Amino acid sequence: MKLKLEDFIDFKYPSDLKFSPDGDKICFVQTEADLENNNYQKFLWIHNLKTKKTYKLTNSGKDGSYIWYDDENILFISNREEKKEEDKKPKTTFYIININGGEAQKKFDIEETVTSFEMIDKTKFAMTIKYDGYLEKIPEEEREEEKDYHVFDEIPFWSNGQGFTSKVRNRLYIYNTLDKKTEPIVNELTNVRNIKIKDDTIYFIANTYKDMMEHYDSILKYDVKGKKIETLIDESEKLSIPSMHILNDEKLIFTGSDMKKYGLNENRKFYTLKLKDKSYKCITPNFEYSLWNSVGSDARFGGGKGQEVYEGKLYFTSTRVKDSFLYSIDEYGNIEEVIKNDGTVDVFDISKNGIYFIGFRGLRIPEVYSYINGTEEKITSFNDWLVEERDLSKPEHFSFENSDGVEIDGWVMKPVNYEKGKKYPTILDIHGGPKTAYGDIYYHEMQYWANEGYAVIFCNPRGSDGKDNEFADIRGKFGKEDFRDIMEFVDQAVEKYKFINEDKMGVTGGSYGGFMTNWIIGNTNRFKAAASQRSISNWISKSMVTDIGYYFVQDQQAGNAWTDPEGLWEQSPLKYANKAKTPTLFIHSDEDYRCYKAEGYQMFTALKLFGVEARFVLFDGENHELSRSGKPKHRIRRLKEITQWMDKYLK
C-alpha cells in the first residue's frame, strides 16, 4: 500500500527508558500525535522482564518526566488537572502510581516550573527550576502587566524553544515534602544540569554568567546534610563539559574539551576526576569520535539516557559513519564495543538483566529492544504496520573518493514501483548541523517522496559527524569543501544510477541544509526547484540576532563582523543571490531563534528583486524543530508545501 503523507500521525514514539531499582521492570514514555487537538499525547508504559508483559500504565495523555520512586511505584509530572483561568502562576504537579494497578494519586505541587528532578530520599528531591531573575525583582502585583514587555541585558537574550531568556536560569533547589519548601542551592546567575546523586551528595554541572554566557563549565558537589557546596572543577579551567557521572566511590567520569584545536564542534574526550584531591586527567587523548547519536530522522520524538554507569564502566552511544552504536569505557580508558548492529541506539538503560534500548533497525522506526548475552530482541511492536503494510524504498548506500582524496558516503532511494529504463525526477536532501549524519534508517519525508514517484539522494559531506575531527572541521570553509563534496556526490549518483533525471532535479534542506540550499541556488543552476528551510543567508546578521549566533558564527566562520567582514560576506549565500535563477520556496517559523526568520526574509527579498520565482511560508508558534516535533497539522502543511513546489517544477 502506498505511504501517505499523513501516516506519521499514527506513529508511536517510545523514549526515556529507565530500569526499576531491582532491574526487573522498565518504564518508558510513549508519544503519539493528536491531530484533533493539534498536539501530542504522552503516556507511561511498563515492560515486566519476568512476565514478558508490556502494558500502558497511564491514560491521560499528559504524563511525561518520571523517576522510579521504588520497585513498584512511579513518580511523574503531569498537567492532567484543568488549569483555572485565574491561576496564572506556574505550577508543576507530581503524581505517584503503582505499576500493578490503581489510579494515579497526586503527591505534591511545586509553585514553579520544574525542568528536571531526582530523588535524594523519599522526602527530599533535587530539582532544577526555571528561575527568572528579572521577574523576581518586580513586585508580584505588577508582574501581570510586565508580560507586555521583554527586557533584557545579557546575551543570549532568547533561546530556541524557550523564548526570551535574559536572567532566566535552571537553578538547583532541594524540595522537602515534609515542610513543602524549596531551598536554592546555587545563586541566581547559575545554570545547572546533569544532576547525579549518591547517598546524601549531589553532583552537578554548572555554568555561571553575567552579561554574556561563555562555554566553560564547572563540576560541583553539594553535601545535603552539611548544606555545603564545593567546587571540584572550576570554570577557570576553561573546559566545556557536556556530561558527568559517578564512576565509583573514588572517581567521577566526565566528557570534556578545551575546544582549542577544532573549536565548538570538537569531539569531547573522557576524563576521570578523583574526589579526594580534585585532580583530573584525560583517559582518551587520541579519541576522535562524537559521544552521542547524531544519525538524523524525522521519525523520533523524545530523549533519554545516552550514557550510564554500570559496574564501574560508563556505557555510551557514539556515531560511526552512518550508524550509532553502544560502547563502554573503564576508568583506565579502555573502550569496548557492546552493541554494533546496523541502525541506531538512541537511548538505553542497563541492569543485572541486560541492556534495553530504543532505536532504529532497518526501515523500522524506533521500538524498544533488549540486548542480553549478545542477542538482540524486539520488545515492542508499536509501528510494525509501517513496514508490513506500506511500500517503502530501501536507501542504497555507496561511497566514493572525492577530488581531495576524501571518502564521502551517500545514498540513493529508488522511487516506489520503480521501472527499469525509466528516468525519474530527483530530490537532493541536505541534512542540518552540519555536524550530524545521514544513515540507512527511515526518514518520512524521503519515503513519502519515493512513494510520489521521486528518486531521493543524500550524502554526508565534510562537516558531517560520524568520522574524525578533521572530517567535521569546515570552519571558515562553509560553501567550499562541503559544496564541492555535495556536487561531486550528485555527479557520482547521476553516473551510477541511470534512472536519475539530471534535467529534473530539486534540492532542499533545513538549518545547515537551508544554508546549503541558499548557497547552491546562487552558485549553480543545475537544480530546477529548491525548498530552503529554517535557513541561513547572511552570517553577519545571524551573528547578532540568533540565540547561538554570537559564538557559533565567530567559531564556525573563523571571524566576526569587525575582524573579517569580507570573510563572513564571502561565505554568505546572500552575496550570490543576484546570480540565482532557481524557483525557491522558503519555510521558516516565527519562533525559530536558531535560524531566525529574518535570514529567510533577506534571501526571499533578494530573489524577488532579481526576478526569481519565490514563495515564503511562515509558521506561527513554531520553532527550529518544526519538521521533527512541530504541531501535527503544521508538519503536514510543511511537507505538502515542499512536495507541491517540487511537483510544480519537476513533473
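Residues numbered from 1 in each chain as written. Predicted model: local features only at pLDDT ≥ 70, side-chain atom pairs only at ≥ 80, totals over all residues. Heavy atoms only, no water.

Caption draft 1: View of the packing of aromatic side chains. Tallied over the full model, the rule gives 52 aromatic pairs. Ring geometry for tyrosine 550 against tyrosine 551: centres 5.0 Å apart, planes inclined by 85°, an arrangement best described as edge-to-face. In this pair, the class of tyrosine 550 matches that of tyrosine 551, namely buried. Grouped by ring-pair contacts, the aromatic residues Phe398, Phe400, Tyr418, Tyr424, Phe489, Tyr497 and Phe499 constitute a single cluster. Against the face of phenylalanine 43 rests lysine 56, its NZ or CZ located 4.0 Å from the ring centre. (Phe/Tyr/Trp six-rings, centres within 6.5 Å; stacked < 30°, edge-to-face > 60°. Buried < 20%, exposed > 50% of the residue type's maximum accessible area, 1.4 Å probe, protein only. Lys NZ or Arg CZ within 6 Å of the ring centre and 35° of its normal.)

Caption draft 2: Quick peek at the pattern of salt bridges. A full pass over the atoms with the stated rule returns 56 salt bridges. In this structure, aspartate 153 and lysine 167 form a salt bridge, with 2.7 Å as the shortest nitrogen-oxygen distance. Note that aspartate 153 is positioned in the loop between α1 (143-146) and β11 (158-159) and lysine 167 in the loop between β12 (163-164) and β13 (168-176), a separation of 14 residues in sequence. What you see here is one network of salt bridges that share partners, running through Asp404, Arg462, Lys477, Glu481, Arg484 and Asp485. (Salt bridge = Lys/Arg side-chain N within 4 Å of Asp/Glu carboxyl O. Helix = DSSP H or I, 4+ residues; strand = E, 2+ residues; numbered from the N terminus.)

Caption draft 3: Summary view of the pairing of strand β23 (residues 307-310). Sheet topology note: the β23/strand β24 (residues 313-320) ladder contains four bridges and is antiparallel. Note that in β24 the partner of valine 309 across the bridge is leucine 314. (Pairing = 2+ DSSP bridges.)

Caption draft 4: Highlighting the pairing of strand β34 (residues 455-460). Taken across its six residues, β34 has six buried, putting it largely inside the fold. Residues of β34 alternate between two faces, with Ala455, Ile457 and Cys459 on one and Val456, Phe458 and Asn460 on the opposite face, all of them buried. Pairing between strand β32 (residues 407-413) and β34: five bridges, direction antiparallel. Paired with methionine 413 across the two strands is valine 456, which belongs to β34. Pairing analysis gives three bridges linking strand β33 (residues 424-430) to β34, with the strands arranged parallel. By the bridge assignment, isoleucine 427 is partnered in β34 with valine 456.

Caption draft 5: Geometry of the nonpolar core. Counting residues in each nonpolar core, the largest one holds 56 residues, and the members touching the most others are Leu428, Phe489, Val490 and Met516. With near-sequence residues (within four places) excluded, valine 490 lies in contact with Leu428, Ile457, Met505, Arg526 and Phe527. Ranked by size, the runner-up nonpolar core spans 44 residues in total, among them Phe11, Ile441, Val456 and Ile642. (Core = buried A, V, L, I, M, F, W, Y, C linked by side-chain atoms within 4.5 Å. Contact = heavy atoms within 4.5 Å.)

Caption draft 6: Fine view of the side chain of aspartate 323. Note on placement: aspartate 323 falls in strand β25 (residues 323-329). Judged by relative accessible area, aspartate 323 falls into the buried class, the value being 5%. Here lysine 322 takes part through its side chain, which lies 3.3 Å from a polar atom of the side chain of aspartate 323. In contact with aspartate 323, not counting residues within four places along its chain, are Val295, Ser318, Asp342 and Gly343. (Polar contact = N/O pair within 3.5 Å; in protein donor to acceptor, adjacent residues only side chain to side chain.)

Caption draft 7: View of the packing of helix α5 (residues 481-496) against helix α6 (residues 512-523). Running from N to C, α5 and α6 cross one another at 75°; their axes reach a closest spacing of 11 Å. Here α5 is positioned roughly perpendicular relative to α6, judged by the angle of their axes. Facing α5, whose interface residues are Asp482, Phe483, Ile486 and Met487, α6 presents Tyr512, Phe515, Met516, Trp519, Ile520 and Asn523. Its residues assigned to classes, the contact of α5 with α6 comprises eight nonpolar, one polar and one charged. (Axes fitted to C-alpha atoms, helices over the stretch in contact; angles between N-to-C directions. Parallel < 35°, antiparallel > 145°, perpendicular 65-115°, else oblique. Nonpolar A, V, L, I, M, F, W, Y, C, P; charged D, E, K, R; others polar.)

Caption draft 8: The environment of threonine 31, seen in detail. Looking at the element boundaries, threonine 31 is found in strand β2 (residues 25-34). The exposure class of threonine 31 is buried, given its relative accessible area of 1%. Taking the C-alpha atoms as reference points, threonine 31 and lysine 12, 19 residues apart in sequence, are found 5.8 Å from one another. Contacts of threonine 31, omitting those with residues within four sequence positions, involve Phe11, Lys12, Tyr13, Tyr40, Gln41, Lys42 and Phe301.

Caption draft 9: Spatial organisation of the environment of glutamate 230. Relative to the helices and strands, glutamate 230 resides in strand β18 (residues 228-233). It is 54 Å that separates the C-alpha atoms of glutamate 230 and valine 456, two residues lying 226 residues apart in sequence. Excluding its chain neighbours within four sequence positions, the residues that come into contact with glutamate 230 are Ile219, Leu220, Lys221 and Lys278. Polar side-chain contacts of glutamate 230 include one of 3.1 Å to the side chain of lysine 278.

Caption draft 10: Local environment of the sheet that holds strand β20 (residues 251-257). Pairing within the open sheet is antiparallel, and its four strands lie in the order β19-β20-β21-β22. Sheet topology places β19 (240-246) and β22 (280-282) at the edges, where each strand pairs with a single neighbour. Averaged over all pairs of adjacent strands, the angle between their axes in this sheet comes to 25°, without regard to strand direction. Here three bridges tie strand β21 (residues 269-274) to β22, and the two strands are oriented antiparallel to one another. The residue bridging threonine 272 from the neighbouring strand is lysine 281, located in β22.

Caption draft 11: Structural context of a negative patch on the surface. A contiguous patch of negative charge, built from Glu141, Glu142, Glu145 and Asp148, is present on the exposed surface. By the secondary structure assignment, glutamate 141 is in the loop between β10 (124-132) and α1. (Patch = residues over 30% accessible without salt bridge, like charges linked within 9 Å, V, L, I, M, F, W, Y side chains within 5 Å. Areas by Shrake-Rupley, 256 points an atom, 1.4 Å probe, with all protein chains shown as cover. Lys, Arg positive; Asp, Glu negative; His and termini not counted. Charge placed at Lys NZ, Arg CZ, Asp CG, Glu CD.)

Caption draft 12: Up close: the packing of helix α3 (residues 444-451) against helix α12 (residues 632-650). At a closest axis distance of 12 Å, the pairing of α3 and α12 adopts a crossing angle of 45°. What the angle tells us is that α3 and α12 run oblique. Between α3 and α12 the crossing geometry is right-handed. Facing α3, whose interface residues are His444, Glu445, Tyr448 and Trp449, α12 presents Arg638, Leu639, Ile642 and Thr643. Grouping the amino acids of the contact of α3 with α12 by side-chain chemistry returns four nonpolar, two polar and two charged. (Left-handed = near helix turned anticlockwise from the far one by under 90°.)

Caption draft 13: View of α3. The element α3 is extensively covered by neighbouring structure, given that eight of its eight residues are classed as buried. Residues of α3 that are buried make contact with β32, β33, β34, β35 (500-510) and α12. After α3 finishes, the residue glycine 453 shows a positive phi value of roughly 95°.

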